[in-house]
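# Notes for the structure review
Here is how the chains run, residue by residue.
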Amino acid sequence: MLMKTDPDQSPGPAPRGDDEGVPVSVKIRERLKAARHRFHSNDNIAEFIQPGELEQLLDEVTLKMQGVLESMVIDTESDHNTGDTARRVAKMYLKEVFAGRYIKGPSVTEFPNAEHLNELMIVGPITVRSACSHHFCPVIGRLWIGVMPNEHTNVIGLSKYARMAEWIMNRPQIQEEAVIQLADLIQEKTQPDGLALVMEASHYCMAWRGVKDMDSKMINSVMRGVFLKDANLRREFLALVPR
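Cut-offs used in this document
Residues numbered from 1 in each chain as written. Predicted model: local features only at pLDDT ≥ 70, side-chain atom pairs only at ≥ 80, totals over all residues. Heavy atoms only, no water. Pairing = 2+ DSSP bridges. Helix = DSSP H or I, 4+ residues; strand = E, 2+ residues; numbered from the N terminus. Contact = heavy atoms within 4.5 Å. Axes fitted to C-alpha atoms, helices over the stretch in contact; angles between N-to-C directions. Core = buried A, V, L, I, M, F, W, Y, C linked by side-chain atoms within 4.5 Å. Buried < 20%, exposed > 50% of the residue type's maximum accessible area, 1.4 Å probe, protein only.

### So, the sheet that holds strand β1 (residues 121–132)
Ordered in space as β3-β1-β2-β4-β5, the five strands form an open sheet in which the pairing is mixed. In this open sheet, the two edge strands, each paired with only one partner strand, are β3 (172–173) and β5 (218–225). Pairing analysis gives nine bridges linking β1 to strand β2 (residues 138–148), with the strands arranged antiparallel. Residue pairing in the sheet places M121 in a bridge with V147 of β2. With respect to the sheet, helix α5 (residues 158–169) is in contact with β1, β2, β3 and β4 (194–203), its orientation differing from that of β1 by roughly 20 degrees. Packing against the sheet, helix α6 (residues 175–190) makes contact with β2, β3, β4 and β5, and its axis sits at approximately 30 degrees to β5.

### Examining the nonpolar core
Judged by nonpolar contacts, the single largest core of 29 residues is most densely connected at L143, I145, Y161, M164, L182, L197 and M199. When near neighbours in sequence (up to four residues on either side) are disregarded, L143 contacts V123, G124, P125, I126, V128, A165, L182, L197, V198 and M199.

As structure tokens, this is what we get:
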């Protein structure tokens, strides 16, 4: 015998998730705020991005960038040069020039200082590429790193200094803060007696726009430990940095 189905008890559509339709950027931002984690332009937020969400973020940024092009009155439908520009720009920001915000830091294998190295070591010049957080214009330059090890210092491969620099620099920021962030990371990984960094860079927010000065460069340094206390060691490092 067939039973009649009570229309008031029909299963109806499957329940929707509370966050269905919510932009992925909003979900990530809510996690950051709940954890009281800062998300300034030069902060890494990789631990708050779940698997698959970076691709969703790429789609979202592509859509927003398409809106920017439309607001700039660029006909992307009939202009063969800009038809896929929104996607290219979104991919460039998220996966290349600002990737240091969205991916975890490079793996750095540390070895004990078995030979008790205690002489000044300089790595560089390392080419650095970043962008100013004021105009998103390129910052291109060179970096030198001086390390004064002790018997307890962790030894890392030379390429790892370049990897760490790339990870820190691939974010929108100002040069002064970028060098400090990199110094903090190297200090944490190696624990040397002294650490010195010098960065020299051209800022295209000044060369490409504004005063359009192509020759000016910014040079800044960070000195830690014995480099800060020992003037002779500091002078030795600076003298060995080619200019």
